[in-house]
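# Working through the structure, step by step
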Amino acid sequence: MSTLEEHVDIDVPLDFAWERLHRVETYPRFVKGIRQARPENGDRAHLDVDTAGTARELDARITDRVQEHTMEWRTTGGPDLAATLSLLPLDAEHTRLQARIAYDPGTVREAFGGPKGFAQATAIERLLRDDLDHFKELVEQER
C-alpha cells in the first residue's frame, strides 16, 4: 500500500468544518471525479465516480472518532481505498484538515486507468491537493 498525506488550513471554526465534512451529498462539489454521492444506512456512503472516462459505483464505510474529530472511510468493494480525515483546531476561527490516503497503486491503475509508477503517485497527490483546496473554498464561502 502507498500512503499520501496532505493538509490545508481553513478559515472556519472546527465544529463548522466537522459538520461540512459529514455532508456526503456535497462531495461532488469538491472531490474531482465524484458525480453523485449519498449517505446510506448511517455509516455508509454510495458514490458514483467517473475517472478517466470510466463510470463506476463505489460503496464506503465511514467511521467517526468524534472526540478526536477524525473521520475514517474505507471502500467496501473494489478498489481497496482508505482515508483518514482529521480536523485540528489552530485557534477559535481556524482549522487544519489533515488527509491521509492509503491505496494500492496497482489496484488504482486497474480500476481507474492512468499512468504507472511515479507519474501516478504525482497525479494522485495533485488530485488530493486540489480536493482539499476545493473543500477549503466551499466551507469558507458557506460561512
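Small disclaimer: the values here were computed from a predicted structure and weren't measured.

## Looking at helix H1 (residues 14-21)
With six of eight residues buried, H1 is to be regarded as a mostly interior element. Along H1, the residues classified as buried are Leu-14, Phe-16, Ala-17, Trp-18, Arg-20 and Leu-21.

## Things to note about the nonpolar core
By size, the foremost hydrophobic cluster in this structure holds 35 residues, and its most contacted members are Tyr-27 and Leu-97. Secondary structure elements with two or more residues in this core: strand S1 (2-10), H1, strand S2 (34-40), strand S3 (44-51), strand S4 (54-65), strand S6 (81-91), strand S7 (94-103) and helix H3 (117-142). Residue contributions to this core peak at six residues, all from H3. Setting aside residues no more than four positions away along its own chain, Leu-97 makes contact with Glu-6, His-7, Val-8, Ile-10, Leu-21, Leu-85, Ser-86, Leu-87, Leu-132 and Phe-135.

## Here we look at the environment of Arg-23
Summarising the element assignment, Arg-23 is placed in the loop between H1 and S2. You can call Arg-23 partly exposed: its relative accessible area is 27%. Spatially, the C-alpha atoms of Arg-23 and Arg-38 are 8.7 Å apart, while their sequence positions differ by 15 residues.

## Examining the packing of aromatic side chains
Under the defined criterion, the tally for this structure stands at two aromatic pairs. Each ring, one from Phe-30 and one from Phe-135, has its centre 5.0 Å from the other, and the planes form 65 degrees; the classification is edge-to-face. Taken together, the residues Phe-30 in the loop between H1 and S2 and Phe-135 in helix H3 connect sequence positions 105 residues apart. Assigned by exposure class, Phe-30 and Phe-135 land together as buried. One aromatic cluster is present, formed by Tyr-27, Phe-30 and Phe-135 through successive ring pairs.

## Focus: the sheet that holds S6
On the basis of which strands lie adjacent, the open sheet formed by seven strands has the order S1-S7-S6-S5-S4-S3-S2 and antiparallel pairing. Lying at the two open borders of the sheet, with one neighbouring strand each, are S1 and S2. The sheet shows a mean angle of 20 degrees between the axes of neighbouring strands, taken without regard to direction. Across six bridges, S2 lies against S3 in antiparallel orientation. Among the inter-strand pairings, Ala-37 is bridged to a residue of S3, identified as Leu-47.

## Considerations on the side chain of Glu-6
Turning to its location among the elements, Glu-6 is positioned in strand S1. A distance of 2.9 Å separates the side chain of Glu-6 from the side chain of Arg-129, its partner in a polar contact. For Glu-6, the residues in contact, after removing those within four places along its chain, are Leu-97, Gln-98, Ala-99, Glu-125, Leu-128, Arg-129 and Leu-132.

## Looking at the confidence of the model for the chain
Per-residue confidence for the chain gives a mean pLDDT of 87, with 87% of residues at or over 70. By mean pLDDT, the top-scoring element of the chain is H1 (96), and the lowest-scoring one is helix H2 (residues 105-112) (59).

Conventions used here
Residues numbered from 1 in each chain as written. Predicted model: local features only at pLDDT ≥ 70, side-chain atom pairs only at ≥ 80, totals over all residues. Heavy atoms only, no water. Buried < 20%, exposed > 50% of the residue type's maximum accessible area, 1.4 Å probe, protein only. Helix = DSSP H or I, 4+ residues; strand = E, 2+ residues; numbered from the N terminus. Core = buried A, V, L, I, M, F, W, Y, C linked by side-chain atoms within 4.5 Å. Contact = heavy atoms within 4.5 Å. Phe/Tyr/Trp six-rings, centres within 6.5 Å; stacked < 30°, edge-to-face > 60°. Pairing = 2+ DSSP bridges. Axes fitted to C-alpha atoms, helices over the stretch in contact; angles between N-to-C directions. Polar contact = N/O pair within 3.5 Å; in protein donor to acceptor, adjacent residues only side chain to side chain. pLDDT = per-residue confidence, 0-100.

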